[in-house]
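So you can see what is in the structure, the chains are spelled out below.
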Amino acid sequence: MAQHILETDGQVCPFPLVEAKAAIAELPIGDELVINFDCTQATDSIPRWAAESGYPVTNFDRRGDAEWTITVQKA
Amino acid sequence: MLITGLLLGTALGFVMQRGRFCVTGAFRDIWLSRNTRWLTAFMLVVAIQSVGVFALDAAGVITLQEDAFAWLATILGAFIFGFGIILAGGCATGTYYRSGEGLVGSWIALAAYALFAAISKSGPLAGTTDALRSVTVPLTNFHTTLGVSPWVPVAFLLTGVGLAVRHQLRKPKLNIASLPSQRTGVAKALFDKHWGAFTTAVVIGVIAILAWPLSWATGRESGLGITTPSSNLASFFITGDVELVDWGVLLVLGLLVGSFIAAKASGEFKVRVPDSSQAVRSIGGGALMGIGAAWAGGCTIGNAMVNTAVFGYQGWVSLVFMIIGTGVAARIFITPGSNGKNASTTTALATARVS
């Protein structure tokens, strides 16, 4: 298994989610995608997208003020 | 009691920030992901407000009146506004509350929006706006045209929105990941917990109802509104005319206060500087929002959320053309492959082996 990191700090919504969708499409099953973002709305839209897509979330936490990280596993 | 504008605006900014209530997102999701959860929440605000407003009208607290429908200006303006909110990354209220979160791109969009609303309403473009808005048809609202009680369309709206909400709530419960909580009790509910779309919509609906009598009491005979107050604020900064500072101006200033408090208290405030392309988009989007809202006679709030609640043609036609405008702009600027930023995905993706 490999872990891939997607840095989207500075990008406004919906671009973190748009990029996450594009990035995960390239990954083999079982790999993890770490998405770092600072767009507040993505705290709602990214976990919802993961749940709707059936991708397990293995980590979701704050990195600092208005900075978050979420790890989504391709399944 | 102008201060009630500031207080209500603060409450609205707080709720919108905590609930991630984004009308741009609601309209955009229809096109990008065929998702209508947030549109349903938005229409729930309209339906709740509709009941309250006609009750206030029946009780004689307010007296609803409407102008003839300026169809041409409404169609053009709403489309331009819908297009602009995609570029700006937020509608009128969205731009205010994101400003409170520290997004410099939203500060830029907000300044351009207020400036261009003033230019179009009382500045050099006022003649164009007046000319467009003089093209009217003698229609005001649905119930007047149909010759029925306003409670008939209220009943239809409530039924339709009720069915849509039930449809959304009946979807299989998803196990959505949430952030680890740092607080307990009331502070947890206010600052940590994820606010559902429909809970947020109900609270905003109540705030939208309260806006009517509170604003009315100060002589401003209207409900929630963003564009005219923003235009007045810009004009006040230039002319110093304190007459311009009415209940609506304090309402929009309250949005900044409320969203800042919400963002700061929940660890979601950070000054975020946009890159050059987003800065240019923010200026363009804000300018289109100002012109579009002035022509249409309102933004996503004044038209799509408030004028719809009183069944005005201007509100419903605006709603449709704003959604079309966001769809066209989303297709150009967001759909994967059309955006320069997406090309960088492969380079931005760093891969690490995990043992």
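Everything numeric here is computed off the predicted structure, so don't read it as measured data.

Section: the overall build of chain B
When you go through chain B residue by residue, the secondary structure sums to 17 helices and one strand. In summary, chain B has a C-alpha radius of gyration of 20 Å against a globular reference of 20 Å for 355 residues, a match within 12%. Each principal axis of the C-alpha distribution contributes one length, and for chain B these read about 70 × 45 × 40 Å. The buried share among the 355 residues of chain B stands at 54%. Taking all contacts inside chain B whose residues are at least 6 apart in sequence as the whole, residues at least 24 apart take part in 81%. Total accessible area on chain B stands at roughly 14,800 Å², and carbon and sulfur atoms take up 68% of it. One way to put it: in chain B the 23 positive side-chain charges average out to a point 19 Å from where the 13 negative ones average out.

As for unusual backbone geometry
In this chain, Cys13 of chain A is followed by Pro14 of chain A through a cis amide linkage whose omega measures 10°. One can find Pro14 of chain A in the loop between strand E1 (2-7) and helix H1 (15-25). One non-glycine residue with positive phi stands out, namely Ala66 of chain A, at about 55°. Residue position: Ala66 of chain A is located in the loop between strand E3 (57-64) and strand E4 (67-73). In this structure, Arg34 of chain B is a non-glycine residue whose phi angle is positive, near 50°.

Remarks on the state of the cysteines
By definition, a disulfide links two cysteine residues through a covalent bond between their sulfur atoms. Residues and elements named next belong to chain B. Counted according to the given criterion, the structure contains one disulfide over all chains. Of all cysteine sulfurs in the structure, the one in Cys22 sits closest to Cys91, which takes part in no disulfide; the separation is 6.2 Å. A residue is classified by how much of its surface remains accessible, and Cys91, at 1% relative accessible area, is buried. The thiol of Cys299 is not disulfide-bonded; the next cysteine sulfur, from Cys91, is found 6.8 Å away.

Concerning the confidence of the model for chain B
Residues and elements named next belong to chain B. On average, chain B scores 92 in pLDDT, and the residues at 70 or more come to 95%. Ignoring residues within four places in sequence, the model shows residues 338-347, a span with pLDDT below 50, making 22 contacts including any to other chains. For this predicted complex, the interface confidence comes out at an ipTM of 0.90, alongside a pTM of 0.93.

Here we look at the interface of chain B and chain A
Each partner contributes residues to the interface: chain B has 43 residues there, and chain A has 36 residues. Taking both partners together, chain B and chain A bury about 3,600 Å²; carbon and sulfur atoms supply 56% of that area. Run the count over chain B and chain A and you get four salt bridges. The residue Arg37 of chain B makes a salt bridge to Asp44 of chain A at a minimum N-O spacing of 3.4 Å. Here chain B is connected to chain A by eleven residue pairs in polar contact (both at pLDDT 80 or more). At five residues, the largest contribution of residues to the side of chain B that touches chain A is made by strand E1 (residues 349-353) of chain B. A class-by-class count of the residues in the side of chain B that touches chain A yields 18 nonpolar, 13 polar and twelve charged.

Digging into the pairing of E3 of chain A
Residues and elements named next belong to chain A. Here six bridges tie E3 to E4, and the two strands are oriented antiparallel to one another. From the neighbouring strand, Gly64 faces E4, where its bridge partner is Glu67. Between E3 and E4, which pair antiparallel and follow one another directly, the connecting turn spans two residues, one of which, Ala66, has a positive phi of 55°.

What to know about the pairing of strand E2 (residues 32-37) of chain A
One face of the sheet, then the other: side chains in a regular strand alternate in exactly this way. Residues and elements named next belong to chain A. Across the six residues that make up E2, a large majority, six, are buried. Residues Glu32, Val34 and Asn36 line one face of E2 and the alternating positions Leu33, Ile35 and Phe37 line the opposite face, and both faces are buried. Of the pairings in the sheet, the one linking E1 to E2 comprises five bridges and is parallel in character. Among the inter-strand pairings, Leu6 is bridged to a residue of E2, identified as Ile35. Running through H1, the crossover from E1 to the neighbouring parallel element E2 is right-handed. In this sheet, E4 lies alongside E2 in antiparallel orientation, the contact comprising six bridges. Across the sheet, the residue bridging to Ile35 is Ile70, located in E4.

Describing the environment of Gly123 of chain B
As for its position among the elements, Gly123 of chain B is in the loop between helix H6 (104-121) and helix H7 (126-133). Along the backbone, Gly123 of chain B and Lys171 of chain B are 48 residues apart, and their C-alpha atoms lie at a distance of 50 Å.

Describing the packing of H7 of chain B against helix H14 (residues 276-296) of chain B
Residues and elements named next belong to chain B. At a minimum axis distance of 9 Å, the contact between H7 and H14 shows a crossing angle of 40°. Comparing the axis directions of H7 and H14 gives the class oblique. The crossing of H7 and H14 is right-handed. Of the residues in H14, those in contact with Thr128, Thr129, Leu132 and Arg133 of H7 are Ala294, Trp295 and Ala296. When the residues that make up the contact of H7 with H14 are grouped by side-chain class, the tally is four nonpolar, two polar and one charged.

Examining the pattern of salt bridges
All told, the structure shown has nine salt bridges over all chains when counted by the stated rule. Ionic pairing is found between Asp192 of chain B and Arg62 of chain A, a salt bridge with its closest N-O pair at 3.5 Å. Of the two residues, Asp192 of chain B sits in helix H10 (residues 185-192) while Arg62 of chain A sits in strand E3, which places them in two different chains. For Asp192 of chain B, a relative accessible area of 14% gives the class buried. Lys270 of chain B serves as the salt-bridge partner of Glu67 of chain A, at 3.0 Å between the closest nitrogen and oxygen. You can see Glu67 of chain A sitting in strand E4 and its partner Lys270 of chain B sitting in the loop between helix H13 (247-265) and H14, one on each of two chains.

How each quantity is defined
Residues numbered from 1 in each chain as written. Chains lettered and ligands numbered in written order. Predicted model: local features only at pLDDT ≥ 70, side-chain atom pairs only at ≥ 80, totals over all residues. Heavy atoms only, no water. Helix = DSSP H or I, 4+ residues; strand = E, 2+ residues; numbered from the N terminus. Rg over C-alpha atoms; globule rule 2.2 N^0.38 Å. Buried < 20%, exposed > 50% of the residue type's maximum accessible area, 1.4 Å probe, protein only. Contact = heavy atoms within 4.5 Å. Areas by Shrake-Rupley, 256 points an atom, 1.4 Å probe, with all protein chains shown as cover. Lys, Arg positive; Asp, Glu negative; His and termini not counted. Charge placed at Lys NZ, Arg CZ, Asp CG, Glu CD. Disulfide = S-S within 2.5 Å. pLDDT = per-residue confidence, 0-100. Buried area = accessible area lost by both parts, 1.4 Å probe. Salt bridge = Lys/Arg side-chain N within 4 Å of Asp/Glu carboxyl O. Polar contact = N/O pair within 3.5 Å; in protein donor to acceptor, adjacent residues only side chain to side chain. Nonpolar A, V, L, I, M, F, W, Y, C, P; charged D, E, K, R; others polar. Pairing = 2+ DSSP bridges. Right-handed = clockwise from strand over helix to strand, strands pointing away. Axes fitted to C-alpha atoms, helices over the stretch in contact; angles between N-to-C directions. Parallel < 35°, antiparallel > 145°, perpendicular 65-115°, else oblique. Left-handed = near helix turned anticlockwise from the far one by under 90°.

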